[in-house]
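Read off the chains here:
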Amino acid sequence: MNWTRLNLVDGFMWSFMAGIVSCGTANAGDVLPFDDQERALIESHGPWPPAFVKDPSNRLSGNQSAIELGRLLFFNRRLAVDGTLSCATCHRPATGFTDGLKTAVGRSNLPRNTPGLVNLRWARWYGWGGGADSLWAQSIRPIVAPQEMASSGGPIKRLLSVDKNLACLYNKTSAVNFDEQTDEQVLVGAAKALAAFQETLVTGATPFDKFRIALLAGPSNPTTKYPLNAQRGLKLFIGKGQCNLCHFGPLFTNGEFGDIGIPFFIGNGKVDKGRYGGLQNLKTTRFSLTGIHSDDATKQSALKVRHLALQDRNWGEFKVPSLRNVAETAPYMHNGSLASLADVVRHYSEIDEERLHVDGEKILKPLRLTERESSDLVAFLKTLSAPLLQTTHVTRRSPVCSPVN
Ligand code: HEC
Ligand code: HEC
């Protein structure tokens, strides 16, 4: 991790001059003074977007026919056993690829909140408990889960053979003759296409990213209009709030799991095991990077799974979510228990240390923020949103697949 690297040309002068500017009346282009340490921390949240590297475990990653196939499958209700649910029923493009519900509703009620699907190419684990180690494995779960689409390889293979356009696209992505593939191979192929499509859901430069670039470029650069309340919120995020200890780097997440005292009882004496359950799944599933369906011949990508061990502390730990586009995906947390960003900030401000694991996150203490600090932090979180870079992938009408080109 090199996020403390200092790469500042004229940090001191810039802070000094910016300090003078901010003494005057607050205009839209004003910049608060940020010291060298703050500037280094701000730098660590970029650049954005990171380079796209194909997923070595998915031979269809970056493949245009697969992206198109994945897009069509994503919006296709026939993926569900009774034709009533598509991925987009829960992951709606208009609401940040979530459903806006506290917890998801499929064929029956699910215990968890539906996460958004942007910028997932750079995630390390998938699902709130990290029960999947790749985007394609995570895409199999809703297809087969009884509470969601309740389907299986057989019906998916049938769908891909009766729909001419889907069949044509599938054949283009596959080196093996369709009829010779097992139901499971077709299921995995469809999931890999779904993953290839989801990899294209990348958000663009946010107001924060633009401010970061202008700040690091120094005073010769025209300052962007980044509101002062968001700047104060940013200072809290990387300072007193210590939010960046877990929500760090360009994605605003360490990619791992934590316990921030969100209750994990789900009624009837049941608990959501969180990361513990995720690890149990990774150790037993056929669909992991250690299994036969990974296309990574070097097996390098499987290293992260091989050395996992179940620990008591993993009970009730949940994935540290990326905060990019967080303003679009209310309600919040694995169980959707916090309705707004203001509620999230209040949670951290008044955190109940009794609720945290004894061997858990010692860094969390009630922040006791003032009203102004709380609203500044919310203002900052709202500057982490931007539209998708390639919206056409979601809205475009589909050309009919031609087997020859
Ligand atoms: C019934 C609603 C529902 C449907 C249908 C659904 N999902 Fe989800 N999705 C969820 C929920 C809830 C989670 C969180 C699951 C968990 O934590 O185990 C989730 C998690 C995910 C994640 C992990 C995101 C992350 O940040 O880790 C991906 C990827 C995903 N879904 C893709 C899909 C795809 C692809 C489909 C269609 C094949 C689909 N989903 C269908 C509700 C749904
Ligand atoms: C100890 C690590 C840690 C620290 C420090 C931390 N977070 Fe989190 N954050 C998490 C985890 C873990 C979750 C998910 C918890 C869950 O769902 O049970 C989360 C969830 C969130 C969410 C909800 C996102 C969503 O999509 O549901 C927001 C917003 C958030 N944190 C903002 C902050 C802010 C602001 C701070 C600083 C005041 C902060 N976090 C400090 C670990 C941390």
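See above for the structure.
Residues numbered from 1 in each chain as written. Chains lettered and ligands numbered in written order. Predicted model: local features only at pLDDT ≥ 70, side-chain atom pairs only at ≥ 80, totals over all residues. Heavy atoms only, no water.

Visitor: Summarise the site of ligand 2; cite the residues concerned and give the values.
Guide: Lining the immediate surroundings of ligand 2 are 25 residues, of which Cys243, Cys246, His247, His334 and Tyr348 lie closest. Note that a nitrogen atom of ligand 2 is positioned 2.8 Å from one of the side-chain N or O atoms of His247. Between a nitrogen atom of ligand 2 and a side-chain N or O atom of Tyr348, the distance comes to 2.7 Å. Contributions of two or more residues to the shell around ligand 2 are made by strand 2 (318-319) and helix 13 (341-349). Among the elements that make up the shell around ligand 2, the one with the highest residue count is helix 13 (3 residues). Split by residue class, the shell around ligand 2 holds 18 nonpolar, 5 polar and 2 charged. (Near = heavy atom within 4 Å. Polar contact = N/O pair within 3.5 Å; in protein donor to acceptor, adjacent residues only side chain to side chain. Helix = DSSP H or I, 4+ residues; strand = E, 2+ residues; numbered from the N terminus. Nonpolar A, V, L, I, M, F, W, Y, C, P; charged D, E, K, R; others polar.)

Visitor: Describe in detail the state of the cysteines, supporting the description with residues and values.
Guide: Considering all chains together, one arrives at 1 disulfide under this definition. Paired through a disulfide, Cys168 and Cys401 show a sulfur-sulfur distance of 2.0 Å. Here the disulfide of Cys168 and Cys401 is left-handed, its torsion about the S-S bond being about -65°. Taken together, the residues span a long stretch of sequence, with Cys168 in helix 7 (residues 164-173) and Cys401 in the segment after helix 15 (392-395) at a distance of 233 residues. Taken as a pair, Cys168 and Cys401 share a single burial class, namely buried. (Disulfide = S-S within 2.5 Å. Buried < 20%, exposed > 50% of the residue type's maximum accessible area, 1.4 Å probe, protein only.)

Visitor: Describe the pattern of salt bridges, naming the residues involved and giving the relevant values.
Guide: All told, the structure shown has 18 salt bridges when counted by the stated rule. Arg107 is the salt-bridge partner of Asp82, the closest N and O atoms lying 2.9 Å from each other. Separated by 25 residues along the polypeptide, Asp82 in the loop between helix 3 (64-74) and helix 4 (87-90) and Arg107 in the loop between helix 4 and helix 5 (135-144) bring together distant segments of the chain. Note on Asp82: relative accessible area 42%, which makes it partly exposed. The shortest N-O distance in the salt bridge between Asp376 and Arg372 comes to 3.9 Å. Within this pair, Asp376 and its partner Arg372 are both found in helix 14 (residues 371-381), separated by 4 residues, close to a single helical turn. Each of the salt bridges in this network shares a partner with another, and the network as a whole consists of Arg59, Lys192 and Asp295. (Salt bridge = Lys/Arg side-chain N within 4 Å of Asp/Glu carboxyl O.)

Visitor: Go over the coordination of the iron atom of ligand 2 with me, naming the residues and quoting the values.
Guide: Taken together, the protein ligands of the iron atom of ligand 2 are His247 (NE2) and Tyr348 (OH), with distances of 1.9 to 2.1 Å. Seen from the iron atom of ligand 2, its 6 donor atoms lie at angles of 87 to 179°, and the figure they make is octahedral. With His247 in the loop between helix 10 (228-238) and strand 1 (257-258) and Tyr348 in helix 13, the pair connects residues that are 101 residues apart, well separated along the chain. Take His247: its relative accessible area is 10%, and that puts it in the buried class. (Donors = N, O, S within 2.8 Å, 3.2 Å for Na, K, Ca; no water. Tetrahedral: all angles 85-135°; square planar, octahedral: opposite > 155°, others 65-115°.)

Visitor: An account of the site of ligand 1 is requested, with residue identities and associated values reported.
Guide: Within the structure, ligand 1 sits among 27 residues, and Cys87, Cys90, His91, Gly127 and Trp128 are positioned closest to it. In the environment of ligand 1, a nitrogen atom lies 2.9 Å from a nitrogen or oxygen atom belonging to the side chain of His91. Here an oxygen atom of ligand 1 and a backbone polar atom of Trp128 are 2.7 Å apart. Looking at the shell around ligand 1 element by element, the count peaks at 6 residues for helix 5. In terms of residue class, the shell around ligand 1 is made up of 14 nonpolar, 9 polar and 4 charged.

Visitor: Explain the packing of helix 10 against helix 14 residue by residue, including any values.
Guide: Taken N-terminus to C-terminus, the directions of helix 10 and helix 14 make an angle of 95°; their axes are 7 Å apart at the nearest point. By the angle between their directions, the pair helix 10 and helix 14 is classed as roughly perpendicular. Residues Asn229, Ala230, Arg232, Gly233, Leu234, Leu236 and Phe237 of helix 10 pack against Arg372, Glu373, Asp376, Leu377, Ala379, Phe380 and Leu381 of helix 14. Class assignment of the residues belonging to the contact of helix 10 with helix 14 gives a composition of 8 nonpolar, 2 polar and 4 charged. (Axes fitted to C-alpha atoms, helices over the stretch in contact; angles between N-to-C directions. Parallel < 35°, antiparallel > 145°, perpendicular 65-115°, else oblique. Contact = heavy atoms within 4.5 Å.)

Visitor: Would you mind going over helix 5 in detail, with residue names and values included?
Guide: One full turn of an α-helix is made of 3.6 residues, so residues set three or four places apart face in the same direction. Burial within helix 5 is extensive, with 8 of its 10 residues counted as buried. Taken residue by residue, helix 5 has Leu135, Trp136, Ala137, Gln138, Ser139, Ile140, Pro142 and Ile143 as its buried positions. In the core, the buried residues of helix 5 are packed alongside helix 6 (153-162) and helix 8 (183-198).

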